[in-house]
Amino acid sequence: MMAKLSTEDLLEQFEGMTLIELSEFVKAFEEKFDVTAAAPVAVAAAGGPAAAEVVEEQDEFDVILDGAGDKKIQVIKEVRALTSLGLKEAKDLVDTAGAKVLEKVAKDVAEKAKAQLEGAGAKVTVK
């Protein structure tokens, strides 16, 4: 018999997963238990360590997709253009609230990506 994992144990496991791994887990969870777990995904995806201390001049930015808007297919195309993700991975990323499209990129790259994604109808945050 398997030992029961505590909530803390589970959170530690999720913390070590990439967004794609997390997305695949959620899909498997939804299929197994016939539920939709959209809210827990947002919580788990945001569960990493607290934001690092603010440095005097920030030189690395994350481009975060807050929502796909009405033109989801256009947003998926832009995500694929900005990343090396395949169609399924890009769709999973777009379906995950608060997903990071790009991590630790220069400000001009982040701003350009934000403009492209917003042009496709997405809601985007640069942090």
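Caption draft 1: Fine view of the side chain of E78. Tracing the sequence through the fold places E78 in helix α4 (residues 72–82). Buried within the structure, E78 lacks any salt-bridge partner; K77 is the closest side chain of opposite charge, at an N-O distance of 8.7 Å. If we ignore the near neighbours within four places in the chain, the residues touching E78 are Q116, L117 and A120.

Caption draft 2: Spotlight on the sheet that holds strand β3 (residues 123–126). Strand order across the open sheet formed by three strands is β2-β1-β3, with antiparallel pairing between neighbours. Across the chains shown, the open sheet's two edge strands, defined by having one partner strand only, are β2 (99–105) and β3. The average angle at which neighbouring strand axes cross in this sheet is 20 degrees, direction not considered. Docked against the sheet, helix α6 (residues 107–119) engages β1 (61–67), β2 and β3, running at close to 155 degrees with respect to β2.

Caption draft 3: Representation of helix α2 (residues 19–33) in the model. For α2, built from 15 residues, the straight-helix expectation of 21 Å at 1.5 Å per residue is met to within 8% by its first-to-last C-alpha distance of 21 Å. Backbone geometry just after α2 places D34 at a positive phi near 50 degrees.

Caption draft 4: The arrangement of the pattern of salt bridges in detail. Taken as a whole and judged by the stated rule, the model has six salt bridges. Close ionic contact of K88 with D92 constitutes a salt bridge, the shortest N to O distance being 3.0 Å. Of this pair, K88 and D92 both sit in helix α5 (residues 87–95), four residues apart, which is roughly one turn of that helix. A salt bridge links K114 to E118, with the shortest nitrogen-to-oxygen separation between them at 3.9 Å. Here K114 pairs with E118, and both are found in helix α6, just four residues apart, close to one helical turn. Look at K114 and you get partly exposed, because its relative accessible area is 23%. Residue classification places E118 among the partly exposed positions, given a relative accessible area of 39%. Put simply, D62, K100 and E103 are held in one network by salt bridges that share partners.

Caption draft 5: Representation of the nonpolar core. Core analysis: the largest hydrophobic core is formed by 21 residues, its most contacted members being V63, L65, V75, V79, V101 and L117. Going through the elements one at a time, β1, α4, α5, β2 and α6 are the ones with two or more residues in this core. For this core, the leading source of residues is β2, giving four residues.

Rules behind the numbers
Residues numbered from 1 in each chain as written. Predicted model: local features only at pLDDT ≥ 70, side-chain atom pairs only at ≥ 80, totals over all residues. Heavy atoms only, no water. Helix = DSSP H or I, 4+ residues; strand = E, 2+ residues; numbered from the N terminus. Buried < 20%, exposed > 50% of the residue type's maximum accessible area, 1.4 Å probe, protein only. Lys, Arg positive; Asp, Glu negative; His and termini not counted. Salt bridge = Lys/Arg side-chain N within 4 Å of Asp/Glu carboxyl O. Contact = heavy atoms within 4.5 Å. Pairing = 2+ DSSP bridges. Axes fitted to C-alpha atoms, helices over the stretch in contact; angles between N-to-C directions. Expected span 1.5 Å × (residues − 1). Core = buried A, V, L, I, M, F, W, Y, C linked by side-chain atoms within 4.5 Å.

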